[in-house]
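The chain contents come next:
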Amino acid sequence: MKRLISFILLIVFLGAGGIFMTMEGKDAVTMASIKKSSLLTADNSNLSFQGVGGKVTAIMVTEEQQIKLGEVLITLDPTDLDLQITKVKTEIQQQDVKIKQTKAQVTRTEDLERQMLVVEASQQTLNLAQTNYDRTKALYDAGAVALTNLDTVSYQLDTAKNVLSQQQALAKKIEAQISTDIQNNDYNIEALQKQKEAMQVQLQSLEVQKQRMILKAPSNGKVTRIIPKIGENTASGAPVVTIESDQLYYTIYVDETQITKYKVDESVTGQIAALNKKVEGKVRYITSAPQYASMRMSRDKGQSDVSSFLVRIDVQRTPELLPGMIVEVNTSETTN
């Protein structure tokens, strides 16, 4: 009988305790919905050489070393690229000489000037022949000279006209040739300029490749892993260094009834369990959580499904904050 009474009392006490916990919101489900726990995490970046590969000649950092943005981490042997750059620079210099020589090739105009003097002389000869003809024709009409004299000056006039016509045609031919030479010269200069521009693009490409043989830190952080060793070859795109960013963050899952308390770029207060201190963070983004994070209830008990949302919160790193520390956020203390 005593055992039965003790068993009944035990059941009563347990039931009453459960009821009190439910009424005060101390049950596990309620507590989990109010207090969110997460881990501080740091962004990791796997760095590699972009578009180039080769032999490692120097490693400027060590693992666990703090680095700054732009700090040189690893360099590759640039000997082959240096030779190609020197070759292209020499070709550009040679091209400059060709362009200069082509520009200096002034088309000779002496032949045209000489021919124009001949044309002028032929014109003077024609004028003189025309004058003699006009004078002889007047004398012939007056009966002062014979017909043979008129025929002679007429022949001289025709000859002078033919000579002038020939010399003018030759002058035009020389002038056309000079114009063609000038056009060809301009075309050659333009072609040489285009070739030089192509060489300059090639030089820029080689110089960019050489710059990429020097791997620099993309941000402040800490070196967590160095893969190659000095003297080893590394391929283009192969990870060589892992960097842990100075930016810390943590993520929490909140349900649809709590999501209105969080907005992008607004502050969120978390509690670092290991340090027993509060830390301020800023919401980076809010997105729908994976399906497994949502609460799937049984509808026959009057409860429906509850969707969850993922909230990522950035935290400014300090020497005492380390990745892996637990952060707790009390959603009941978070206000709109």
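Remember, it's a predicted structure, so these values are computed and weren't measured experimentally.

Novice: Account for the overall build of the chain, naming residues and giving values.
Specialist: A count of helical and extended segments in the chain gives five helices and 13 strands. Accessible area of the chain: about 21,900 Å², with a carbon and sulfur share of 54%.

Novice: An account of the nonpolar core is requested, with residue identities and associated values reported.
Specialist: Core analysis: the biggest nonpolar cluster contains 24 residues, and L73, I74 and V241 have the highest contact counts within it. When contributions to this core are tallied by element, the ones reaching two or more residues are β5 (72–76), α3 (79–104), α5 (147–212), β7 (221–226) and β9 (239–255). Examining the composition of this core, we find that four residues originate from one element, α3, more than from any other. Residue contacts for I74: discarding those within four places in its chain leaves F49, V56, A58, I59, M213, I214, L215, I226, P228, V240 and V241. In this structure, L248, Y250, I252 and Y262 belong to the second largest nonpolar core, which totals 19 residues.

Novice: Explain the packing of helix α4 (residues 110–141) against α5 to me, and be specific about the residues and the numbers.
Specialist: For the pair α4 and α5, the least separation of the axes is 8 Å and the interaxial angle reads 160°. In terms of their interaxial angle, α4 and α5 are classed as roughly antiparallel. Crossing of α4 over α5 shows left-handed handedness. A class-by-class count of the residues in the contact of α4 with α5 yields 19 nonpolar, twelve polar and four charged.

Novice: Summarise the side chain of T251; cite the residues concerned and give the values.
Specialist: Relative to the helices and strands, T251 resides in strand β9. With relative accessibility at 19%, the residue T251 sits in the buried group. When neighbours within four sequence positions are excluded, T251 is seen to be in contact with S38, L310, V311 and R312.

So, how was this worked out
Residues numbered from 1 in each chain as written. Predicted model: local features only at pLDDT ≥ 70, side-chain atom pairs only at ≥ 80, totals over all residues. Heavy atoms only, no water. Helix = DSSP H or I, 4+ residues; strand = E, 2+ residues; numbered from the N terminus. Areas by Shrake-Rupley, 256 points an atom, 1.4 Å probe, with all protein chains shown as cover. Core = buried A, V, L, I, M, F, W, Y, C linked by side-chain atoms within 4.5 Å. Buried < 20%, exposed > 50% of the residue type's maximum accessible area, 1.4 Å probe, protein only. Contact = heavy atoms within 4.5 Å. Axes fitted to C-alpha atoms, helices over the stretch in contact; angles between N-to-C directions. Parallel < 35°, antiparallel > 145°, perpendicular 65-115°, else oblique. Left-handed = near helix turned anticlockwise from the far one by under 90°. Nonpolar A, V, L, I, M, F, W, Y, C, P; charged D, E, K, R; others polar.

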